[in-house]
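Overview (structure and organization)
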Amino acid sequence: MRCQYTKEEEKDDDDEEEDMPPKFVKQEQQIKGDMAEKVLVVGGGGREHALAWKLAQSPQVQQVLVAPGNAGTAGCGKICNSEVSVSNHAILAQFCKDHHVGLVVVGPEVPLAAGMVDDLTAAGVPCFGPSAKAAQLEASKSFSKAFMERHGIPTARYGSFTAPEEACNYIRTADFPALVVKASGLAAGKGVIVAGDREEACRAVMDIMKDRAFGSAGETVVVEELLEGEEVSCLCFSDGSSVSPMPPAQDHKRLQDGDLGPNTGGMGAYCPTPQVSQELLQQIRDTVLQKTVDGMREEGTPYVGVLYAGLMLTKQGLKVLEFNCRFGDPECQVLLPLLKSDLYEVILNTMSGKLVSSAPVWHQDSSAVTVVMASAGYPGSYKKGVEITGLSQVQDSGVQVFHAGTALKEGGVVSSGGRVLTVTAVRPSLESALQAANQGVAAVGFPGAVYRRDIGHRAIAHLNPDRRGLTYKGCGVDIAAGNKLVEMIKPLAKATSRPGCNAELGGFAGLFDLKGAGFVDPILVSGTDGVGTKLRIAQACGRHGGLGQDLVAMCVNDVLAQGAEPLFFLDYFSCGRLDVDVAAAVVGGVAAACKVAGCALLGGETAEMPGVYAAGEYDLAGFCVGAVERGALLPRLGDIQEGDLLVGLASSGVHSNGFSLVSKVLQRANLDYSSPALFADSGRTVGDVLLTPTKIYSRLLLPILRSGAVKAFAHITGGGLLENIPRVLPQELAVDLDASRWSIPPVFSWIHKEGGLSEEEMARTFNCGLGAVLVVSPEDAQTVLCQFKPNEEAWIVGSLVHKQQGAKQVVVRNLKHRLQGGGPAPSKRIRMDKGLTYKGCGVDIAAGNKLVEMMKPLAKATSRPGCNAELGGFAGLFDLKGAGFVDPILVSGTDGVGTKLRIAQACGRHGGLGQDLVAMCVNDVLAQGAEPLFFLDYFSCGRLDVDVAAAVVGGVAAACKVAGCALLGGETAEMPGVYAAGEYDLAGFCVGAVERGALLPRLGDIQEGDLLVGLASSGVHSNGFSLVSKVLQRANLEYSSPALFADSGRTVGDVLLTPTKIYSRLLLPILRSGAVKAFAHITGGGLLENIPRVLPQDLAVDLDASRWSIPPVFSWIHKEGGLSEEEMARTFNCGLGAVLVVAPEDAQTVLCQFKPNEEAWIVGSLVHKQQGAKQVVVRNLKHRLQVGRTAPSGELSVNQNKNFHCNSETPRKKTRAPPREPGLERTNASCGSPVSRVKNHTSSSHPQLQSAPEIQTV
């Protein structure tokens, strides 16, 4: 129903307009004098409905007229429509006088630009909005850009043109992506074209200026720099001198969910935006809003009304995209519901200059979401007159519907425009507001309606990143938590420092100086191990620290078995979701144990692998390197003889082997870990006893080993007494042990009785009280025993005898008797007929032995100079002198392959993971300039599938051959209960060496102007797969689905399983030439976090993504996952597997050395780092990901790129930084997102880098 107000006859008005500023005080008195009972809102969209709705809530307003209005404002309480002409300002003024309208509020921009406020004010009708001159901020983009330039308001670089040829020349010659073309005048929100390249931008200029696509609005065009970042809308009330900001909002311009589809006038908005902090909002107020109002006043054009600043939050800081001189649509529909104050009073205070004393008040604990419902076909052609139903039911649900393109027809509501309705909900949280708005939309009967369901998705991801799945953190990999862990670990690791340890954590690999440790002619000894299913007990009991000692002990004791002093240690910690406190407890235990063992904790890997491990679960692996002088190497097989005695060292209990069997025993005994341990000291639980840490023998044993009295040392680990002692003996000798000669801890008697284990099963599975066994001559035995006392229990436990043909190599006499003679009686229950076995509990030692036999020829094929050991001993040996080193620094790295292994397991393709594992470690070692020497792998699984394990380790061996390093050995850990059938995890450990003078990075040589040479990746490599998996889910794809973004015939699995590149063979000669100053492996942390790890802190990186080829898989991930540019650059390599730092004069030579075997490009340069700036800027990445173009063909000319670094008005002084000590990282990864343990040279602030000049190709 319409009000009685109708359009009056037009009459001429020859009165001259008075060009004068509004008389605020006079207007306020006039409004108050007339009681302002009637208000007229000009406009007919959703914004105007919201304005009328809010004004009608004021007790001071009797009636709100809307001209022309829509179906929603046609007759609703105080609100009704008017047919008065709004284009003829004289008629409108007379109408207001005749009908006692005390205030006019102008909604759209066109009447404001046409001078409606000026004309009504001159006629004595109070009108809210800026004058025509002030409205130029929106009506003329050319004026607006010049104004911002005059007043120092941050905005994109631009040019303004009246000739199309000049505009196109500017586009082609600008040293930045001048790809945004705007018609300067008002073009109904359609006059902006964001071009994909320069040619498209020039075509847009011609369309606007020559073909007059937007009429007179395009007589002048503005060409702007393409900005990348987050877009927000910040509005304020302005009384001409002061501003009062509204809560920040965010519009959604794209038609479809995920910010896909064509641009529109806006498909929804939300408010407030959590991305804009109070500090940032204050910055916006000071540097944009207030500065604009001050500038307008200084230029004699006071700005009174609503000022809308469209902002882009870029890496370089906030930039103004545009100004609007009124409320935005649909921002108005989320702002006004959050306004606590009376809008009518706010407008009066604004017009009377009282904002400072009477600022508007907003609801602080609520969020608003509005969802636009558009006609089918919008923003193209669409049908009108579609009937809309269900509106009253929506209103009853507490959701407000603001009408836009609607009309009344035969008593019903029909569509009459493109954007038809805006459904707004206000709730305590953004998520609940979106849910309510979406429910409201679903209740509206509007056939064919187009709308989005994800309004506010960026804010929801910001507030609840774990629930979005389109950021690395949202996919379960929390780099921030990893950083926190690193900070907690730093002092613990530092406390383990020892002579020879010259690196802190934080580089790509750990360094160790053998000469600094006092070695003359050392043989390197390396060992790897885990703690098995003992970690399940620790997890169940919530006691994690002791596992650190178990891990160190298992590796260090193996290294001792070769007579070596343990030098340094690295750990691998993999989990489903990183619990910082748990990880810190584990690694803290590792650090404490390293101190006990006398080795340095150089670093490690934290692999966060959602989907591989359940909540609260994790696995551990350790890697230890030691050294022994050539003449002191154990065992001395030539000296061992019949009659030698065996000295046994006491264990602390079960140590770290046999826990799968122990768990079954517990089940048999109906005990849990909190049950009293009746076989132990009073007050101890079963968990207490089982979690007793493994003994570390190094401090006490090393002096004895150095004395020469010990001929061999056997660590009693997995395989128990029966399999470990023979590993250090000649084959013609056998072992005669007498169990009555040593003390057997009661826990073994309890296991034996409760589990019904045979004597042989006990001896093959457990240490049975002996943690280590030494071989000594009879004359030295007593001396050795005395050296252990009183610190360590030790006994003469047996002797060596001649092995008879067909006889066992180890006989343990009196073991059953001793086991039966201690501990409590068995529990009263029905026994199974058959005792437990280790194999029956899921650990098949025979299968493991079969795997070793299959691996031997593969490992032997990787042999290289310096490699003098086969698989089968306690540790792997490497001879540095045999490898040709004179004064080497050792370099070590450890890594895994993250959740990429889940894809391999799902596809049944395991071999490629071996190359991934080797590449991840070898490339880290290369980053220090080192040659990879040897490799060890750790393979843990639920049940050993020999064929699968052989495929994986076969891939490791093949990759070692490619990398030029020897596969010295590894660990296969069968852990039933930790991994499901068919699942496994991998970790790798690589040691390399570099002559002291060739160590990288050469921080003292790196300087401003140096160029960056990028080496092509093969694809995703081995990082970011937790995120990739979520993208696959969103795209409804399987690994067997065709990869439409790749070569014909390839599946998604084919593309994702492409192995990581190994760069050693090609790169080592180039590194040795001295032309490379630094090498950054682009691993977890992507481009943003890895390059700074090799740079001085005073330098920053300027990368240009248009300079290299980006594999299509990254464009697909970016598009399907809706990932931000920064998320892509921080998670993935984006086509660059490694980046080298070279001097400009060496760049061309380095490039030529790579071709034709490897794709390489000059991808950027080093620039001076401004204070507070970010250390890495990647230009054109979003554009390249969206467009998917390849890099220019041919080499990049170094001569033409000598000024690749950023231009500046004044030359910057070239600086050199003192060298820092590089070291090994601890990384946090679903694929290894790097988190440096001690030093992190990445800045988190914004850069102020100019764009680099374009590089020509030859």
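Residues numbered from 1 in each chain as written. Predicted model: local features only at pLDDT ≥ 70, side-chain atom pairs only at ≥ 80, totals over all residues. Heavy atoms only, no water.

Rules: UniProt positions are given in the numbering used here, feature names are shortened, and annotations may be inferred rather than shown by experiment.
In the annotation of an unreviewed UniProt entry, the entry for the protein chain reads ATP-grasp domain-containing protein, and the organism field reads Gasterosteus aculeatus aculeatus. What UniProt records for the protein chain under Function (unreviewed entry) is the sentence "Trifunctional enzyme that catalyzes three distinct reactions as part of the 'de novo' inosine monophosphate biosynthetic pathway." Of the protein chain, the UniProt comment under Sequence similarities (unreviewed entry) reads exactly: "In the N-terminal section; belongs to the GARS family."

1. Quick look at the environment of Pro247
The following threshold applies: Runs of H or I in DSSP of at least four residues are treated as helices and runs of E of at least two as strands, each being numbered from the N terminus. The rule is simple: take the accessible area with a 1.4 Å probe, protein chains only, and divide by the maximum for that residue type; under 20% is buried, over 50% is exposed, in between is partly exposed. Should any heavy atoms of two residues lie within 4.5 Å, those residues are considered in contact.
Mapped onto the fold, Pro247 is located in the loop between strand E12 (243-245) and strand E13 (250-251). Classification of Pro247 as buried rests on a relative accessible area of 14%. When the C-alpha positions of Pro247 and Gln364 are compared, they lie 9.4 Å apart, and in sequence the two are 117 residues distant. When residues no more than four places from it in sequence are discounted, the contact partners of Pro247 are Cys271, Pro272, Leu335 and Trp362.

2. Looking at the sheet that holds strand E22 (residues 406-409)
Our working definition: Pairing between two strands is assigned when DSSP locates at least 2 bridges connecting them.
Spatially, E20-E23-E22 is the arrangement adopted by the three strands of the open sheet, whose pairing is antiparallel. Looking at which strands have only one partner, the edges of the open sheet turn out to be strand E20 (387-388) and E22. Direction of pairing for E22 relative to strand E23 (residues 412-415): antiparallel, over a ladder of four bridges. The residue bridging Leu408 from the neighbouring strand is Val413, located in E23.

3. Section: the sheet that holds strand E44 (residues 1136-1142)
To keep it simple, the criterion reads: Orientation is described by axes fitted as lines to C-alpha atoms, over the contacting stretch for helices, and by angles from 0 to 180 degrees between their N-to-C directions.
Pairing is mixed in the open sheet, where six strands are placed in the order E42-E44-E41-E45-E43-E46. At either margin of the open sheet sits one strand with a lone partner, and together these are strand E42 (1076-1081) and strand E46 (1176-1179). On average, adjacent strands in this sheet sit at an angle of 25° to one another, irrespective of strand direction. Sheet analysis places strand E41 (residues 1011-1016) next to E44, joined by six bridges and oriented antiparallel. Note that in E44 the partner of Gly1014 across the bridge is Val1139.

4. Regarding the pattern of salt bridges
Short version of the rule: In what follows, salt bridge is the name for a side-chain nitrogen of Lys or Arg lying within 4 Å of a carboxyl oxygen of Asp or Glu.
Taken as a whole and judged by the stated rule, the model has 38 salt bridges. Put simply, Glu299 and Arg150 hold a salt bridge, and the shortest N to O gap is 2.9 Å. With a gap of 149 residues between them, Glu299 in the loop between helix H10 (278-298) and strand E17 (304-314) and Arg150 in helix H7 (residues 141-151) connect regions that are remote in the sequence. Residues Arg1002 and Asp1005 are paired through a salt bridge, measuring 2.8 Å at the closest nitrogen-oxygen approach. Given a relative accessible area of 30%, Asp1005 falls into the partly exposed group.

5. Thoughts on the environment of Arg1093
We count it as follows: Polar contact is the term for a pair of N or O atoms within 3.5 Å; when the atoms are in protein, one must be able to donate a hydrogen and the other to accept it, and sequence-neighboring residues count only if both atoms are side-chain atoms.
Mapped onto the secondary structure, Arg1093 falls in the loop between helix H35 (1086-1090) and strand E43 (1099-1104). For Arg1093, a relative accessible area of 6% puts it in the buried group. Side chain to side chain, Arg1093 and Asn1090 meet in a polar contact 2.6 Å long.

6. Some remarks on the packing of aromatic side chains
Aromatic rings considered in pairs are described by the distance between their centres and by the relative angle of their planes. Let me state the cut-off plainly: For Phe, Tyr and Trp, rings pair up if their centres lie within 6.5 Å, where Trp contributes its six-membered ring, and each pair is then called stacked (planes under 30 degrees apart), edge-to-face (over 60) or tilted (otherwise).
The final tally for this structure, using the stated rule, is 13 aromatic pairs. For the pair Tyr170 and Phe176, a centre-to-centre distance of 6.2 Å together with 70° between the ring planes defines the contact as edge-to-face. A residue is classified by how much of its surface remains accessible, and Phe176, at 7% relative accessible area, is buried. Arranged with centres 4.8 Å apart and planes meeting at 25°, the rings of Phe679 and Trp750 form a pair that is stacked. Of this pair, Phe679 sits in the loop between helix H20 (659-668) and helix H21 (686-690) while Trp750 sits in helix H24 (residues 746-755), and the two are 71 residues apart along the sequence. Considered together, Phe679 and Trp750 belong to a single accessibility category, that of buried residues. Here the aromatic cluster, defined as three or more aromatic residues joined through ring pairs, consists of Phe161, Tyr170 and Phe176.

7. With respect to the pairing of E42
In terms of burial, E42 is a largely internal element, six of the six residues being buried. Inspection of the sheet shows E42 paired to E44 by five bridges, in the antiparallel sense. Within E44, the position partnered with Ala1078 by the bridge is Val1141.

8. Side note on the confidence of the model for the protein chain
Put simply, the rule reads: The quantity known as pLDDT measures the predictor's confidence residue by residue, on a range of 0 to 100.
Averaged over all residues, the pLDDT of the protein chain equals 83, while 83% of them reach at least 70. Within the model, pLDDT remains below 50 along residues 466-470, and this stretch shows 16 contacts once partners closer than five positions in the same chain are excluded.

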